[in-house]
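So the chains spell out like this:
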Amino acid sequence: MTIPSPDFFPDNPHHRFMRQAFLEADRASDAGEVPVGAVIVHKNRIIARGHNQVELLSDPTAHAEMIALSAAFQHLGEKYLPDCTMYVTLEPCPMCAGALVWAKTGRLVFGAQDEKAGACGSIFNIVQHPKLNHRIEVVQGIMEQDCESLIRRFFENLRKKDDRDTN
């Protein structure tokens, strides 16, 4: 079930935690990575953080969500996260959505939709697929404009850099 964004409540805890995911996305951007950040919350406390490290690690699976999931498993000493919420700035891709399902994550909150690779409602909806044995509650659109803007600026700057390099 997708829940509309409660953006009109500025003190909403979703904003507090999404701001932390946004800071992780900033870290990724500063490192030259696609700016996606994630945090995992358990009992109203951040237990794991991650940001894209694909370029740094030369690993196409080093997405923010995967790094945060690994940290959460280690922190809790568990392989399932039913009482956890993942906050991520960009809608997860099929790989990350599948990992969230396998981890039996309780809730997913994301900022911007990913019209090219989104697997939580935009292109696919893996996290709520009726044939899978676990479905995740989804809240979308928290800090959506900020998250979209960060990604858009990153790719605009990358294109400008490419144009300068080719001239």
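Residues numbered from 1 in each chain as written. Predicted model: local features only at pLDDT ≥ 70, side-chain atom pairs only at ≥ 80, totals over all residues. Heavy atoms only, no water.

Caption draft 1: Spatial organisation of the pattern of salt bridges. Counted under the stated rule, the structure contains 3 salt bridges. Between Glu24 and Arg27 there is a salt bridge; the shortest N-O distance is 3.4 Å. Taken together, the positions of Glu24 and Arg27, both in helix H1 (residues 13-30) and 3 residues apart, correspond to about one turn of that helix. The salt bridge involving Glu137 is made with Arg107; its shortest N-O contact spans 3.2 Å. Taken together, the residues span a long stretch of sequence, with Glu137 in strand E6 (residues 137-140) and Arg107 in strand E5 (residues 107-112) at a distance of 30 residues. A residue is classified by how much of its surface remains accessible, and Glu137, at 28% relative accessible area, is partly exposed. Shared partners join several salt bridges into a network, and the residues in it are Glu24, Arg27 and Arg49. (Salt bridge = Lys/Arg side-chain N within 4 Å of Asp/Glu carboxyl O. Helix = DSSP H or I, 4+ residues; strand = E, 2+ residues; numbered from the N terminus. Buried < 20%, exposed > 50% of the residue type's maximum accessible area, 1.4 Å probe, protein only.)

Caption draft 2: Region of the structure containing helix H4 (residues 94-102). Looking only at H4, the buried set comprises Cys96, Ala97, Gly98, Ala99, Leu100 and Val101. Taken together, the buried residues of H4 touch helix H3 (64-76), strand E4 (84-90) and E5. (Contact = heavy atoms within 4.5 Å.)

Caption draft 3: The environment of Gln20, seen in detail. Within the fold, Gln20 resides in helix H1. C-alpha of Gln20 to C-alpha of Arg152: the two residues are 132 residues apart in sequence and 19 Å apart in space. For Gln20, the contacting residues outside a window of four places in its chain are Val39, Ile46 and Arg49.

Caption draft 4: Fine view of the nonpolar core. Residues Ile40, Leu69, Met86, Tyr87 and Leu108 are the most contacted members of the largest nonpolar core, which totals 42 residues. Setting aside anything within four residues of it in sequence, one finds Leu108 in contact with Met86, Val88, Pro92, Leu100, Cys120, Ile136, Glu137, Val138 and Val139. (Core = buried A, V, L, I, M, F, W, Y, C linked by side-chain atoms within 4.5 Å.)

Caption draft 5: Representation of a nonpolar patch on the surface within the structure. On the surface, Val34, Phe155 and Leu158 cluster together to form a nonpolar patch covering roughly 200 Å² of accessible area. Here Phe155 is to be found in helix H5 (residues 144-166). (Patch = residues over 30% accessible without salt bridge, like charges linked within 9 Å, V, L, I, M, F, W, Y side chains within 5 Å. Areas by Shrake-Rupley, 256 points an atom, 1.4 Å probe, with all protein chains shown as cover.)

Caption draft 6: A look at the packing of aromatic side chains. If you walk through the whole model with that rule in mind, you get 2 aromatic pairs. Centre to centre, the rings of Phe17 and Tyr87 are 5.4 Å apart; their planes meet at 45°, and the pair counts as tilted. Of the two residues, Phe17 is situated in helix H1 and Tyr87 in strand E4; the sequence distance between them amounts to 70 residues. Neither Phe17 nor Tyr87 differs from the other in exposure class; each is buried. If you follow Arg16 out to its NZ or CZ, it ends over the ring of Phe17, 4.4 Å from the centre. Over the ring of Tyr80 we find Lys104; its NZ or CZ atom is 5.2 Å from the centre of that ring. (Phe/Tyr/Trp six-rings, centres within 6.5 Å; stacked < 30°, edge-to-face > 60°. Lys NZ or Arg CZ within 6 Å of the ring centre and 35° of its normal.)

Caption draft 7: Up close: H1. For H1, built from 18 residues, the straight-helix expectation of 26 Å at 1.5 Å per residue is met to within 8% by its first-to-last C-alpha distance of 26 Å. Taken residue by residue, H1 has His14, His15, Phe17, Met18, Ala21, Phe22, Glu24, Ala25 and Ala28 as its buried positions. The residue sitting at the N-terminus of H1 and contributing the capping side-chain oxygen is Asn12; that oxygen lies 2.6 Å from the backbone nitrogen of His14. Just downstream of H1, Gly32 is the residue with a positive phi angle, here 85°. (Expected span 1.5 Å × (residues − 1). Polar contact = N/O pair within 3.5 Å; in protein donor to acceptor, adjacent residues only side chain to side chain.)

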